[in-house]
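A closer look at the structure
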Amino acid sequence: MIQEKLISLNKQVEQYLVEGVLLEEFVLKTISTLLKFMKECNICLRWIILHTSELPIGADINKRCKQMLQFVLTETQYNPANVFKLLLNTAQFEFNLKEVCRFLNEGKKELK
């Protein structure tokens, strides 16, 4: 389930990263949708990174901790390459959106 969500988010963020998609008019019309999408990407990334990270020193001797980590890794079909790809794409998306918003804000200040 998480792996499908990861792949789905990656495809969607790649569509937003295509040159000419995040234009001023599009951003103004869909800013709430874009922010919700960005939040969803970050939530997915945080969850998978948190739940698949290595056990802290001392916890690795606990059999239950090892079992839970192994369970999460197998159930999520953890693939570090997909997580890294989504991390980079999300960062680029956030940067592009921030730049467009900054440009719009500067234009608003000039009109005053």
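Structure's up top.
This one's a predicted model, so the numbers in the text were calculated from it and none came from an experiment.

Calculation notes
Residues numbered from 1 in each chain as written. Predicted model: local features only at pLDDT ≥ 70, side-chain atom pairs only at ≥ 80, totals over all residues. Heavy atoms only, no water. Salt bridge = Lys/Arg side-chain N within 4 Å of Asp/Glu carboxyl O. Helix = DSSP H or I, 4+ residues; strand = E, 2+ residues; numbered from the N terminus. Axes fitted to C-alpha atoms, helices over the stretch in contact; angles between N-to-C directions. Parallel < 35°, antiparallel > 145°, perpendicular 65-115°, else oblique. Contact = heavy atoms within 4.5 Å. Nonpolar A, V, L, I, M, F, W, Y, C, P; charged D, E, K, R; others polar. Patch = residues over 30% accessible without salt bridge, like charges linked within 9 Å, V, L, I, M, F, W, Y side chains within 5 Å. Areas by Shrake-Rupley, 256 points an atom, 1.4 Å probe, with all protein chains shown as cover. Left-handed = near helix turned anticlockwise from the far one by under 90°. Polar contact = N/O pair within 3.5 Å; in protein donor to acceptor, adjacent residues only side chain to side chain. Phe/Tyr/Trp six-rings, centres within 6.5 Å; stacked < 30°, edge-to-face > 60°.

**Points about the pattern of salt bridges**
- Summed over all chains, the structure comprises six salt bridges.
- With its nearest N and O atoms 3.2 Å apart, the salt bridge here joins E25 to K29. Here E25 pairs with K29, and both are found in helix α2 (residues 24–52), just four residues apart, close to one helical turn.
- Taken together, the salt bridges that share partners define one network made up of K98, E99, R102 and E106.

**Some thoughts on the packing of α2 against helix α3 (residues 63–75)**
- Orientation of α2 relative to α3, taken along the N-to-C sense of each, is 135°, at an axis distance of 9 Å. When the axes of α2 and α3 are compared, the pair comes out oblique. Contacts from W47, H51 and T52 in α2 reach L69, V72 and L73 in α3.
- Residues of the contact of α2 with α3, tallied by class, amount to four nonpolar, two polar and no charged.

**Some words on a nonpolar patch on the surface**
- There is a patch of nonpolar side chains on the surface, built from F84, L87 and L88 and spanning about 290 Å² of accessible area.
- You can see L87 is positioned in helix α4 (residues 80–111).

**Quick look at the packing of helix α1 (residues 2–17) against α2**
- Taken N-terminus to C-terminus, the directions of α1 and α2 make an angle of 145°; their axes are 11 Å apart at the nearest point. Classified by chirality, the crossing of α2 by α1 is left-handed. From α1, I2, K5, L6, L9, Q12, V13 and Y16 reach across to α2, where they touch F26, L34, F37, E40, C41, C44, W47 and I48.
- Here the residues of the contact of α1 with α2 are counted per class, giving 12 nonpolar, one polar and two charged.

**Considerations on the side chain of T76**
- Inspection of the secondary structure assignment puts T76 in the loop between α3 and α4.
- Polar side-chain contacts of T76 include one of 2.7 Å to the backbone oxygen of V72.
- Leaving out residues up to four positions away in the same chain, T76 has contacts with I2, Q3 and W47.

**Here's the deal with the packing of aromatic side chains**
- By the definition in use, this model includes four aromatic pairs.
- Among the aromatic residues, ring-to-ring pairing joins Y16, F26, F37 and F93 into one connected group.

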